[in-house]
Amino acid sequence: MRREAEANEKQIAKLQTEKLQTELDSKNRELANTALSLTYKNEILQKLSEELLKIKDSTGKKLPERQLNKIQKVIDEGMDNERDWNLFEKKF
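Residues numbered from 1 in each chain as written. Predicted model: local features only at pLDDT ≥ 70, side-chain atom pairs only at ≥ 80, totals over all residues. Heavy atoms only, no water.

Novice: Any chance you could explain the overall build of the protein chain here in plain terms?
Specialist: For the protein chain, the helix and strand inventory stands at three helices and zero strands. When its C-alpha atoms are laid out on the principal axes, the protein chain stretches across 90 × 20 × 10 Å. Relative to its full complement of 92 residues, the protein chain shows a buried share of 13%. Once local pairs closer than 6 in sequence are excluded, the contacts in the protein chain between residues at least 24 apart make up 69%. When the accessible area of the protein chain is evaluated, it comes to approximately 8200 Å², of which 56% is carbon and sulfur surface. Counting 19 positive and 18 negative side-chain charges, the protein chain places the centres of these two groups 3 Å from one another. (Helix = DSSP H or I, 4+ residues; strand = E, 2+ residues; numbered from the N terminus. Buried < 20%, exposed > 50% of the residue type's maximum accessible area, 1.4 Å probe, protein only. Contact = heavy atoms within 4.5 Å. Areas by Shrake-Rupley, 256 points an atom, 1.4 Å probe, with all protein chains shown as cover. Lys, Arg positive; Asp, Glu negative; His and termini not counted. Charge placed at Lys NZ, Arg CZ, Asp CG, Glu CD.)

Structural data, given as structure tokens:
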């Protein structure tokens, strides 16, 4: 009975280790996905910022500086690295 109890304990420990490893792998994938998503978001916002400077109205003139600045401010807020870093840290 003692050997059987030891074997059962070893089996339980093995199963717990496997479960923890599976959870760790899942969390690592989630963390990697978060990092990729943040990087992709920032790349898209950077492209939008660049394209914004090229936009012209129907007469071929660039948009007024005031309008461009408003839109650029929204893009800059979306690219807030501190907020992104805090999100990443929280997930980590």
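Moving on from the model shown.
Novice: Please explain the pattern of salt bridges as it appears in this structure.
Specialist: Side-chain pairs of opposite charge can arise where the charged atoms are in close proximity. Evaluated as defined, the whole model comprises four salt bridges. Across the pair K19 and E23 runs a salt bridge, and its minimum N-O distance is 3.9 Å. Of this pair, K19 and E23 both sit in helix α1 (residues 2-52), four residues apart, roughly one helical turn. In this structure, K54 and E51 form a salt bridge, with 3.3 Å as the shortest nitrogen-oxygen distance. Judged by its relative accessible area of 55%, K54 is exposed. Given a relative accessible area of 43%, E51 falls into the partly exposed group. (Salt bridge = Lys/Arg side-chain N within 4 Å of Asp/Glu carboxyl O.)

Novice: Got a minute to help me understand α1 in this structure?
Specialist: Because each turn of an α-helix spans 3.6 residues, side chains separated by three or four positions in sequence point in the same direction. Relative to the 75 Å expected for 51 residues at 1.5 Å per residue, α1 spans 74 Å between its end C-alpha atoms, a close match to the ideal helical length. When we look at burial in α1, the residues that qualify are L31, T34, L38, N42, L45, S49 and L52. Those residues of α1 that are buried lie in contact with α2 (65-78) and α3 (81-91). (Expected span 1.5 Å × (residues − 1).)

Novice: Which parts of the structure should I look at to understand a nonpolar patch on the surface?
Specialist: A contiguous nonpolar patch, built from Y40, I44 and L48 and spanning about 300 Å² of accessible area, is present on the exposed surface. The topology assignment puts I44 in helix α1. According to the relative accessible area criterion, I44 is partly exposed, its value standing at 33%. (Patch = residues over 30% accessible without salt bridge, like charges linked within 9 Å, V, L, I, M, F, W, Y side chains within 5 Å.)

Novice: Please explain the packing of α1 against α3 as it appears in this structure.
Specialist: What describes two packed helices is the angle between their axes and the distance between those same axes. It is at 10 Å that the axes of α1 and α3 come closest, and there the two elements cross at 170 degrees. It follows that α1 is roughly antiparallel to α3 by the angle criterion. Every residue of α3 that contacts α1 at E30, L31, T34, A35, L38, K41 and N42 is listed here: N81, R83, D84, L87, F88 and K91. Residue composition of the contact of α1 with α3, grouped by class: five nonpolar, three polar and five charged. (Axes fitted to C-alpha atoms, helices over the stretch in contact; angles between N-to-C directions. Parallel < 35°, antiparallel > 145°, perpendicular 65-115°, else oblique. Nonpolar A, V, L, I, M, F, W, Y, C, P; charged D, E, K, R; others polar.)

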